[in-house]
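Inside the fold
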Amino acid sequence: MVGWQAGKDSFYVDEEYNGQLEHVATPSVSKKCVKCKESTAVLIIRAVDAFCRCCFKEYFIHKFRAMLGKNRIIFPGEKVLLAVSGGPASSSMLSQVKEGLSRDAPKKLRFVPGIIHIDEGGASGQSMEDRRRAVAQVESVLRSSNYPYHIVYLEQALNLPSSVLEVGSSATEKLQTGPSYKAAVDQFIQTNQNLHPDLFLENAWSHLSSLSMQEVQNGLSNPITPENTQALQRLFASVRTLTAKEDLLQTLRQHLILHTARTEGYTKVMMGDSCSRLAIKLLSNISLGRGASLAMDTGFSDSRYGDVVIVRPMRDYSSKEIAYYNRMFDVPSVFIPGLDTKAQDKASIQRLTESFVNKLQTDFPATVSTIYRTSEKLHTACPPQNTNSPTFDKCLMCACSLDTNAEEFSAFKATLISEQLSQRRGPGPGLSLGTAGAPGPPPASFTGQGQCRSSDEGQRQGCGSREPGCCLSAEMPATLDLKSLLCYSCRLTIKDMTAVDILPQYILAEAERKKRRSHMRKEISEFLLEEEDEAKTS
Amino acid sequence: MTASLPVLVRGSDSDVSNKMAAPIALHLEFGGGAELLFDGVKEHHVILPDQSEPWDMKQLLVWIRANLLKERPELFVQGDTVRPGILVLINDADWELMGELRYELQDQDNVVFISTLHGG
């Protein structure tokens, strides 16, 4: 660099250099913004549309409000939990909420936001120091928003209550929230009209932030124990494939968010899935056998939990738009390495799909939007079950409607039969669930399961293949029981685990409970007049 | 830093200097997890040595791969371009507006690479 600063040479070089600059700069200057047709464009979105900085900002902000306005799903005064991972999309969502709730916004949003961040470092085996640093970074972003926030550790999923697996529209919700949700909203709007709206929201906020500060301090006083972290790491170590690990992480994360939303009284959860992410999710979920719940998994709103509805307001933005917006308008985001960081393209189905979609996208810029438009047109064949339907019909882990009640001559049944046949032939290591390396002792409450659980590995394997004489009780081996409560895709995830009894206690306990209920139902079935009666009495 | 020698050559032979590009200083930035492949360092001030042709983005990528990348080059460069899913900004503008790989780099240019991939 210093070499050419002497005498004539530098002058000469400078001249030559300026010539080049002009030569190259001309083509890019000629590209004008498609909207205002005046300013120089700074980015291309949707294949050909070039936007300038100002028009892009306007477009971006408008899109967020339009998305919420169009769907009319978030009511004024409603408590909305923003799930912020620290990544670009959710951080951008936070900035849009801030923008939308700010005083000078013309079409002001009027809900009451709170934030949840889940520290997942325990699953990917990060050191405590790294995790603390990452959480501190995220916390500083969250604190600057002035919204109440909850920092939750993935370890806490191990101590969740079983009630988190219940679908909210059943008994629990009625007891907790009293009158119907809509009536409550109407009532709110009426009281809100009497009060000055801004004043009302402000009160609510100050109240909330004082609450959240307490909570944060509580959280700090009893942080996660090393035992919890170890248990979590054992759980993820027992999962053989990255595909299943990511799926399990997704399930646990969802449960934690749901639990926080319920205990803190949030009725909506906003997730920051971008349309690029949803396009990838759509394709990978199909490959994961989750096709039956695609509409819920990728749609704007997801009401599978009943009392808490998941919304995805960022689903109109591509990850490119988000990255540009964050960079141009200084939206802070925190990069936290996850399970798939530095992973190969073929490390997991999710990863492979991502690289597939991204590669297609570079050659065919309409790829993501085409897939995404497809997801918009999807609907579930049978609408979500009504409140009286028994919870048996939902998957224990992902809460989607069970897709395993397929008819006899379906591909699903054929798969099951061939699986059974190959299991009967011998204890094939790949297929039986109780094989090698079940780490740690089974959780305490499993003593009720009888000797089958606490027995050695060989015996458990015998259970898996239903050999007579192992299980003396009428109970079926737990692996099979758990399976019968899961949807096809969650079964596949469980199948990739070396041991099922290492799953968090709340899942196992709920499985127990459901099993007992169905057992009882079977026993008393001849005394029952109608299905509905039974549901009411039990 | 290696730039001083070739410049002397340029001074002594003006015919060659017509074709030669000056060493250029660039500000490179990696974000969205891409920095992990560069020892976690986000910002790099680099000086590209002068060479017979002007530096373009394609050559910059080759240079980054040889000089800056610390591990797993396939996670950053694929073929002669960046891995799909990594965005490139030249002076805060989309590189698609600047001719992508054909863009001729100028002294003091600011080039940003942002990974939009899950997990960086």
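- Under the annotation held in an unreviewed UniProt entry, chain B carries the name Ubiquitin-related modifier 1 and is attributed to Esox lucius.
- Under Pathway (unreviewed entry), UniProt gives the following word-for-word description of chain B: "tRNA modification; 5-methoxycarbonylmethyl-2-thiouridine-tRNA biosynthesis."

- Looking at an unreviewed UniProt entry, chain A carries the name Cytoplasmic tRNA 2-thiolation protein 2, with the source organism given as Esox lucius.
- According to UniProt, the comment filed for chain A under the heading Subcellular location (unreviewed entry) is "Cytoplasm".

**Some details on the sheet that holds strand β4 (residues 112–119) of chain A**
Residue and element names in this part refer to chain A.
- Read from one edge to the other, the open sheet built from six strands follows the order β5-β4-β3-β6-β8-β7, with strand pairing classed as mixed. Strand pairing shows two members of the sheet lacking a second neighbour, β5 (149–153) and β7 (301–302), which therefore form its edges.
- Note that β7 and strand β8 (residues 309–311) share two bridges and pair antiparallel. In the strand pairing of β8, Ser-301 is matched with Val-311.
- Strand contacts of helix α5 (residues 128–145): β4 and β5, with the helix running at about 165° to β5, the strand carrying the most contacts.

**Some remarks on the domain arrangement of chain A**
All names here are of chain A.
- Under the domain assignment used here, chain A contains domain 1 (52–335) and domain 2 (411–421 + 433–537).
- Each partner contributes to the interface: domain 1 provides 22 residues, whereas domain 2 provides 23 residues.
- Both sides of the domain 1 and domain 2 interface together cover about 1,800 Å² of buried area, and 59% of this is carbon and sulfur.
- Its largest share of buried area at the contact with domain 2, domain 1 owes to Leu-165, Ser-238 and Arg-240, together 27% of the area lost on that side.
- There are one salt bridge connecting domain 1 and domain 2.
- Glu-166 is the salt-bridge partner of Arg-513, the closest N and O atoms lying 3.8 Å from each other.
- On inspection of domain 1 and its partner domain 2, the count reaches nine residue pairs in polar contact (both at pLDDT 80 or more).
- Secondary structure elements with two or more residues in the side of domain 1 that touches domain 2: α9 (226–237) and α10 (242–264).
- Take the side of domain 1 that touches domain 2: its biggest share by element is five residues, from α10.
- When grouped by side-chain class, the residues that make up the side of domain 1 that touches domain 2 number 12 nonpolar, five polar and five charged.

Thresholds applied
- Residues numbered from 1 in each chain as written.
- Chains lettered and ligands numbered in written order.
- Predicted model: local features only at pLDDT ≥ 70, side-chain atom pairs only at ≥ 80, totals over all residues.
- Heavy atoms only, no water.
- UniProt positions renumbered as here; feature names shortened; annotations may be inferred.
- Pairing = 2+ DSSP bridges.
- Helix = DSSP H or I, 4+ residues; strand = E, 2+ residues; numbered from the N terminus.
- Contact = heavy atoms within 4.5 Å.
- Axes fitted to C-alpha atoms, helices over the stretch in contact; angles between N-to-C directions.
- Domains from an automatic or database assignment.
- Buried area = accessible area lost by both parts, 1.4 Å probe.
- Salt bridge = Lys/Arg side-chain N within 4 Å of Asp/Glu carboxyl O.
- Polar contact = N/O pair within 3.5 Å; in protein donor to acceptor, adjacent residues only side chain to side chain.
- Nonpolar A, V, L, I, M, F, W, Y, C, P; charged D, E, K, R; others polar.

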